Amino acid sequence: MIRPARPDEAPLLRALVGRAYAPWVPVVGRRPTPMDDDYEARVAAGEAWVLEEAGALRGLVVLVERADHLLLDNVAVEPARKGNGRALLDFVEAEARRRGLPEVRLYTNEKMERNIALYATRGYAETGRQDGAGFRRVFMAKRVG
């Protein structure tokens, strides 16, 4: 079940993101941005959604609605539950269509090559690369509507 995150779950979201992104720290040379996000604010803004299975949080997405697209700001999955990433991406694309938005956009660190390849297999196309927040980012987009 994918549902909006609740305010009391913000610490659980932060911990889940920490576990999900920990393997990337040595790859990118420092903590990826989602590890230091303000999950209380994300929940309060209605931007955090969780994948719950058997009463446990297994993944999350942070979605930011823009005028002409839905920004997938963060996707994180429990390390032992990698297959759940597909369900979360399916949800994001369906959510964009539900909101009447024609496109999902995202960005990821240039050094996260496995993620870039995964998004490409899902139909996301690279739209550019640039520096931001001290990282080299790859921007991608997918038409969904």
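Residues numbered from 1 in each chain as written. Predicted model: local features only at pLDDT ≥ 70, side-chain atom pairs only at ≥ 80, totals over all residues. Heavy atoms only, no water.

Chemist: Where do I start with the overall build of the protein chain in this structure?
Modeler: Scanning the protein chain from N- to C-terminus turns up five helices and seven strands. Mapped in sequence order, the helices and strands of the protein chain form the string β-α-α-α-β-β-β-α-β-α-β-β. For the protein chain, the C-alpha radius of gyration of 14 Å lies close to 15 Å, the compact-globule estimate for 145 residues. Here the protein chain holds 145 residues, and 48% of them are scored as buried. Considering only contacts in the protein chain between residues 6 or more positions apart, those separated by 24 or more positions represent 60%. (Helix = DSSP H or I, 4+ residues; strand = E, 2+ residues; numbered from the N terminus. Rg over C-alpha atoms; globule rule 2.2 N^0.38 Å. Buried < 20%, exposed > 50% of the residue type's maximum accessible area, 1.4 Å probe, protein only. Contact = heavy atoms within 4.5 Å.)

Chemist: Hey, could you run me through the confidence of the model for the protein chain in this one?
Modeler: The predicted model of the protein chain averages 94 in pLDDT, with 99% of residues at 70 or higher. Mean pLDDT across the secondary structure elements of the protein chain bottoms out at helix H2 (residues 25–28), with 92, and peaks at helix H3 (residues 39–44), with 98. (pLDDT = per-residue confidence, 0-100.)

Chemist: Is there a simple way to think about the pairing of strand S4 (residues 70–77) in this case?
Modeler: Two faces belong to every sheet, and in a regular strand the side chains alternate between them. Among the eight residues that make up S4, eight are buried, leaving the element largely enclosed by the rest of the structure. Sheet topology places strand S3 (residues 56–65) next to S4; seven bridges connect them, and they run antiparallel. Among the inter-strand pairings, leucine 60 is bridged to a residue of S4, identified as alanine 76. Hairpin connection from S3 to S4: four residues lie between these consecutive antiparallel strands. Relative to strand S5 (residues 103–109), S4 is paired through three bridges, and the arrangement is parallel. Looking at S5, one finds that leucine 72 is bridged to leucine 106. (Pairing = 2+ DSSP bridges.)

Chemist: Sorry, what's going on with unusual backbone geometry here?
Modeler: If a residue is not glycine, its phi is most likely negative; likewise, a peptide bond is most likely trans. In this structure, alanine 54 is a non-glycine residue whose phi angle is positive, near 50°. Relative to the assigned elements, alanine 54 resides in the loop between strand S2 (48–53) and S3. In this structure alanine 54 comes out as exposed when scored by relative accessible area, which is 83%.

Chemist: How should I be thinking about the side chain of aspartate 37 in this particular structure?
Modeler: One can find aspartate 37 in the loop between H2 and H3. Excluding its chain neighbours within four sequence positions, the residues that come into contact with aspartate 37 are Arg14, Arg42 and Asp73.

Chemist: What is the right way to look at the pattern of salt bridges in this model?
Modeler: Note on pairing: side chains with opposite charge can pair once their charged atoms come close. Under the defined criterion, the tally for this structure stands at 23 salt bridges. The shortest N-O distance in the salt bridge between arginine 99 and glutamate 65 comes to 3.1 Å. Of this pair, arginine 99 sits in the loop between helix H4 (84–98) and S5 while glutamate 65 sits in strand S3, placing them 34 residues apart in sequence. Taking the relative accessible area as the measure of exposure, arginine 99 reaches 22% and is therefore partly exposed. Owing to a relative accessible area of 47%, glutamate 65 belongs among the partly exposed residues under this scheme. Taking the shortest distance from any N to any O, the salt bridge between arginine 105 and glutamate 103 comes out at 2.6 Å. Among the charged side chains, a network of salt bridges with common partners joins Arg3, Arg6, Asp8, Glu9 and Glu52. (Salt bridge = Lys/Arg side-chain N within 4 Å of Asp/Glu carboxyl O.)

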